[in-house]
Structures are given as structure tokens and as C-alpha cells.
Amino acid sequence: MKRFLVLGMVLVAGCSTVEQGSYRPKSGNEKKVHGRADRSVRPADVTADFKAFENTEVAWAGIITEVQFKETERTIQVAFKVEHRDFDWKDHGGGKPYHLSATGDGLFLAGWAVNKPARIDYLRSRAKPGYMIVVHGKPYQTRAGLVQLSATAVRPIKTSDFELLAEAPAD
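Residues numbered from 1 in each chain as written. Predicted model: local features only at pLDDT ≥ 70, side-chain atom pairs only at ≥ 80, totals over all residues. Heavy atoms only, no water.

Quick word on the overall build of the protein chain
Note the cut-off: Numbering of helices and strands runs from the N terminus, with a helix taken as a DSSP run of H or I at least four residues long and a strand as a DSSP run of E at least two residues long. What makes two residues a contact is simply this: any of their non-hydrogen atoms within 4.5 Å. Only the protein chains shown count as cover for residues, with accessible areas throughout obtained via the Shrake-Rupley method and a probe of 1.4 Å.
From N to C terminus, the protein chain includes five helices and seven strands. Shown N-terminal to C-terminal, the secondary structure of the protein chain runs as helices and strands in the order α-α-α-α-β-β-β-β-α-β-β-β. The contacts in the protein chain between residues at least 6 apart in sequence include a share of 67% that link residues at least 24 apart. Counting only carbon and sulfur atoms, one obtains 53% of the accessible surface of the protein chain, whose full area is about 10200 Å².

Quick word on the nonpolar core
Note the threshold: In this description, a nonpolar core means a group of buried Ala, Val, Leu, Ile, Met, Phe, Trp, Tyr and Cys residues linked to one another through side-chain atoms lying within 4.5 Å. Relative accessibility decides the category of a residue: with a 1.4 Å probe and only protein chains considered, values under 20% of the type maximum give buried, values over 50% give exposed, and everything between is partly exposed.
Ranked by size, the top nonpolar core spans 25 residues in total, and within it Val78, Phe80, Val135 and Leu149 carry the most contacts. When contributions to this core are tallied by element, the ones reaching two or more residues are β1 (58–71), β2 (75–85), β4 (106–115), α5 (120–126), β5 (132–143) and β6 (146–157). Counting residues per element, this core draws most heavily on β1, at five residues. One finds Trp89, Tyr98, Val134 and Ile157 within the second-largest nonpolar core, a separate group that totals 13 residues.

Some points on the packing of aromatic side chains
Using the following cut-off: Only rings of Phe, Tyr and Trp enter the pairing, Trp through its six-membered ring, and a pair is recorded when the two centres are within 6.5 Å. The plane angle decides the type: under 30 degrees is stacked, over 60 is edge-to-face, the rest tilted. We call a charge positioned above a ring when the Lys NZ or Arg CZ atom is no farther than 6 Å from the ring centre and deviates by at most 35 degrees from the ring normal.
A complete count under the given rule lists six aromatic pairs for this structure. With a centroid separation of 5.1 Å and an interplanar angle of 75°, the aromatic rings of Trp60 and Phe108 are classed as edge-to-face. Of this pair, Trp60 sits in strand β1 while Phe108 sits in strand β4, placing them 48 residues apart in sequence. Here the two residues Trp60 and Phe108 agree in accessibility, since each one is buried. Stacked on the ring of Trp89, the Lys or Arg Arg39 has its end atom at 5.6 Å from the ring centre.

Description of unusual backbone geometry
Its identity is not glycine, yet Trp89 carries a phi of approximately 60°, on the positive side. Relative to the helices and strands, Trp89 is located in the loop between β2 and β3 (98–100). The class for Trp89 is buried, based on a relative accessible area of 14%.

Overview of the pairing of β4
Selection rule: Strands are treated as partners if at least two bridges between them are detected by DSSP.
Where β2 meets β4, ten bridges bridge the pair, whose relative direction is antiparallel. Bridging across to β4, Val82 finds its partner in Phe108. In this sheet, β6 lies alongside β4 in parallel orientation, the contact comprising four bridges. If you follow Leu109 over to β6, its bridge partner there is Gln148.

Right, dumping it as C-alpha cells:
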């Protein structure tokens, strides 16, 4: 009986450490990198002091403004131009579970490689201008005031699944 009581207490304690309604990564790769990403670092921080953050895994959200695809022998290279938006990292449930602020740090770029046998047509259907995107990655360089990330995981989110708020999302 003591074992069951102790086991029950451990399970309850373990469950209480996961914040109710928090953003949940979807793919296995995103889950892995999300846990180590620093969500407090913003594009403006990297622009101001690139050297301080060049080895830091970050997670940023925003709205895709442009997507380019380039096929190589073994991969499909995807380049995203993203309008950074403040994100509360919560799943609010309902019809539009994700809330993006109207404010952010401007544009950033993200490069991502997808191994074949992925097809460009499939990728185009998953990531379109106007979609929200969550990008995990490390700053690669800054050029003309834009931070370029080498993405380790991306998650495009359809327009039907996010809402653009007039103010910053409440924490």
C-alpha cells in the first residue's frame, strides 16, 4: 500500500510541473530542441550583440512573409522571411489556440534543410505566406540588420489556428 501511495504522490508531483495550456511542440525533433531553446532572447538582442548569442538556441514566432525552396541532390533548402511577433507560448484552446501580438522585432530570416524523399509540393502546402511559424535555431549571421537563423526545427501553423492580437499577449 505504501508503494502505491508513494507512486501516486510522484505522479501528482510530476504532472503539476507541466503548465496547463502551455505550447506543446508537435514533432519529435521540435520537442527535443524546444526544451533547450531560450525563448527570452529576441531578434533585437541578437542584432545588438551577435557574439553573445551566436551559440544560443532560440525559439521565435512570427508570420511568414516569404518562402523560397531550392532542391539539391539530397535535400530541399527552405528559406523563410518572417515578421517576428511576440508570442506567449501558450495553447489557449478553442478555434484559434495560438495568439500572436501585433508587436515584435521586425523581420528575421531562417534557413532550414529537409532531407529527401520530401517533395517541394508537399512543403509548399505546409508553409505559406500569412501562416504563423515557430522557428527554433541558432543565429547564423546578421546582414543588413536582419538576423539569419540556422533552423533546427520549424512548425508552420495555418491561419485558422492563430489569432493576431492588437496588444501583446498576456503572460
